[in-house]
Amino acid sequence: MQNRGVPHTTTSPAQRVPGRDRPAVRPALDRGRGLLGPALALIHSGRAPTRSVLTSELAVTRATAGAIAAELEALGLVAVDPRPSGSGRGRPSHRLAVAPGGPVVLAAQLHADGFSVALAGLGGTLGEPVDRPLPRTADPEEVLRAVAEAGARLVAASPRRCLGAALAVPTPVTDSGGRALAAMYLDWPSGTPVRDLFAAAVAGALPGLPTAVANDANLAALAEHRHGAGCGARHLLYVTSGHRGVGGALVVDGRLHTGSDGLALEVGQLTVDPGGRPCPCGRRGCLDVEADPPALLAAAGVTPGPAEPLLEAARAVVRAASHDPVARAAVDRVVECLGAGLAGMVNILNPDRIVLGGIHLDLLAAAPERLPAVVAERCLWGRSAGVPVLPAALERPDLTGAAELAWQPFLDDPQSTAAG
Ligand SMILES: [Zn+2]
């Protein structure tokens, strides 16, 4: 690929002032502004740990990569360490990392058991999450107000500037209207305008902050692709169940496949047992109710305590499967259902990697050979085209994904971080 024509800056490091005051760098970068976003995305996802890697990834001259890194440093987003990185081959190069004290975003997640909030800087790392039970009411406005207020307390306690907020929700959300179409596990009416309600709640607690809302599995898939077990996959299928129901998402060439209105990959509604458990959708045997924590608990005859998180109770069943035949049979049954569902997805989507999160990650660990075998047996191409099935790598992929969503406008246009 040809070098892109961003003239290098003549600004010396001594002239650079962190923050908004960066007059000398701007004229050169105004002409190459389009590369700041790709550069920040590379550093954010750890794919450009040095300036020489950034140079080759962007296919620009060394001087241009230097100017871009300097501008990102001046914006307070990136730290450029001039000490050479001794580990790589070839000529030593400046090290690049996200700025440790740089701005943050507020990541929030709503799920059947409660809600969580955390602050997140660039680089896919979360601050300590705060987990809370849902308010007694199911009223979306009040629930979202509680989320925004918990987030505002985190923001107030942090010295770092907060740029935006985003929320992961366990329901498909329309791209066009920001409506939650099937918040079955939150008891919200279909069509709840969750994007507007979250924006209003955040405006009340943190005025002026841009907001966004998206489906939790979509966001977790994006996070695993950028920072976890999906790195490098071209057609990443992500399937998970952390509370109730089963979520799925597809990341193609680094972008979520959202369908025409954000509703693609509702994998929970695949039928895996026509005579199976009743689903809130009105049918029976959907993957949603055959491969989630309650399905495993029911198969094992376990009733969790009222305050016990479903995922933790289900994980205890998987652990017990090593010595308890009832738990083992429950695991085996859910593994067969999950495998059947995954095979259906593989036949349609032809992914090059499957990453499993939530309780599915534990099921894979408990049946590391059987689960991929079920997928292979039921796939049109059989074992000859076996798809790698890997456990998710991130501790909190939904929250990390919400952070990705909040960061996205600033990854697209890093200079916009200087506004406000
Ligand atoms: Zn269903």
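Above this text is the structure in question.
Structure report, in brief.

The rules we used
- Residues numbered from 1 in each chain as written.
- Predicted model: local features only at pLDDT ≥ 70, side-chain atom pairs only at ≥ 80, totals over all residues.
- Heavy atoms only, no water.
- Helix = DSSP H or I, 4+ residues; strand = E, 2+ residues; numbered from the N terminus.
- Expected span 1.5 Å × (residues − 1).
- Bend = angle between axes of the 7 residues up to and from the residue.
- Buried < 20%, exposed > 50% of the residue type's maximum accessible area, 1.4 Å probe, protein only.
- Contact = heavy atoms within 4.5 Å.
- Core = buried A, V, L, I, M, F, W, Y, C linked by side-chain atoms within 4.5 Å.
- Donors = N, O, S within 2.8 Å, 3.2 Å for Na, K, Ca; no water.
- Tetrahedral: all angles 85-135°; square planar, octahedral: opposite > 155°, others 65-115°.
- 1 Å grid on protein atoms, 1.4 Å probe; cavity = no way out; pocket = protein on both sides within 12 Å on 5 of 7 lines; lining within 4 Å.
- Points joined across faces, edges and corners; volume = space filled by probe spheres on them.
- Nonpolar A, V, L, I, M, F, W, Y, C, P; charged D, E, K, R; others polar.
- Phe/Tyr/Trp six-rings, centres within 6.5 Å; stacked < 30°, edge-to-face > 60°.

1. Here we look at unusual backbone geometry
Step number 1: Phi is positive for Ala59, close to 55°, though the residue is something other than glycine.
Step number 2: The topology assignment puts Ala59 in the loop between helix 3 (51-58) and helix 4 (62-74).

2. Description of helix 14 (residues 397-412)
Step number 1: Across its 16 residues, helix 14 extends 21 Å between first and last C-alpha, which sits within 8% of the 22 Å expected from 1.5 Å per residue.
Step number 2: The principal kink in helix 14, of about 40°, is found at Ala406, preceding the proline Pro409 by one to four residues.
Step number 3: Of all 16 residues in helix 14, 12 are buried, a share of seventy percent or more.
Step number 4: Along helix 14, the residues that are buried comprise Pro397, Asp398, Leu399, Thr400, Gly401, Ala402, Ala403, Glu404, Ala406, Trp407, Phe410 and Leu411.
Step number 5: For helix 14, the elements touching its buried residues are helix 2 (36-44), strand 3 (104-111), strand 4 (114-120), strand 6 (162-169), helix 7 (216-227) and strand 8 (235-241).

3. Focus: the nonpolar core
Step number 1: With 44 residues, the main nonpolar core has Val239, Leu296, Leu338, Leu342, Ile354, Leu356 and Leu363 as its most contacted residues.
Step number 2: If you list the elements that add at least two residues to this core, you get strand 8, helix 9 (293-299), helix 10 (310-320), helix 11 (325-349), strand 11 (353-357), helix 12 (358-366) and helix 13 (370-378).
Step number 3: When residues of this core are assigned to their parent elements, the largest contribution, 12 residues, is made by helix 11.
Step number 4: Once residues within four sequence positions are removed from consideration, Val239 is found in contact with Val246, Gly247, Gly248, Leu338, Leu342, Met345, Val355, Leu356, Gly357 and His360.
Step number 5: Listed in part, the 37 residues of the second largest apolar core include Val105, Ala107, Leu122 and Leu411.

4. A look at the coordination of the zinc ion
Step number 1: Bound to the zinc ion on the protein side are Gln269 (OE1), Cys279 (SG), Cys281 (SG) and Cys286 (SG), at distances that span 2.1 to 2.3 Å.
Step number 2: Coordination at the zinc ion is irregular: its 4 donor atoms span angles of 91 to 136° at the metal.
Step number 3: Along the chain, the residues donating to the zinc ion are arranged with the sequence spacing Q-x9-C-x1-C-x4-C. Within this pair, whereas Gln269 is found in the loop between strand 10 (255-256) and helix 8 (287-290), its partner Cys286 is found in the loop between strand 10 and helix 8, the two being separated by 17 residues in sequence.

5. Concerning helix 10
Step number 1: For helix 10, the complete set of buried residues consists of Leu310, Leu311, Ala313, Ala314, Val317, Val318 and Ala320.
Step number 2: Check the buried side of helix 10 and you find it contacts strand 8, helix 9, helix 11 and helix 12.

6. Describing the layout of surface pockets
Take a probe with the size of a water molecule and roll it over the atoms, and the empty space left behind shows itself.
Step number 1: Estimated volume of the largest pocket: approximately 1000 Å³.
Step number 2: If one sorts the elements of the lining of the largest pocket by residue count, helix 14 sits on top with 8 residues.
Step number 3: Tallied by class, residues from the lining of the largest pocket come to 18 nonpolar, 14 polar and 8 charged.
Step number 4: What the second largest pocket holds in volume is close to 900 Å³.
Step number 5: Gln109, His111, Gly242, His243 and Asp398 are, among the 49 residues lining the second largest pocket, the residues nearest its centre.

7. Some words on the packing of aromatic side chains
Step number 1: According to the stated counting rule, one finds 1 aromatic pair in the structure shown.
Step number 2: Considering the side-chain rings of Trp407 and Phe410, the 6.2 Å spacing of their centres and the 85° angle between planes classify their relative orientation as edge-to-face. In this pair, Trp407 and Phe410 are both assigned in helix 14, 3 residues apart and thus about one turn of the helix distant.
Step number 3: Judged by relative accessible area, Trp407 falls into the buried class, the value being 0%.

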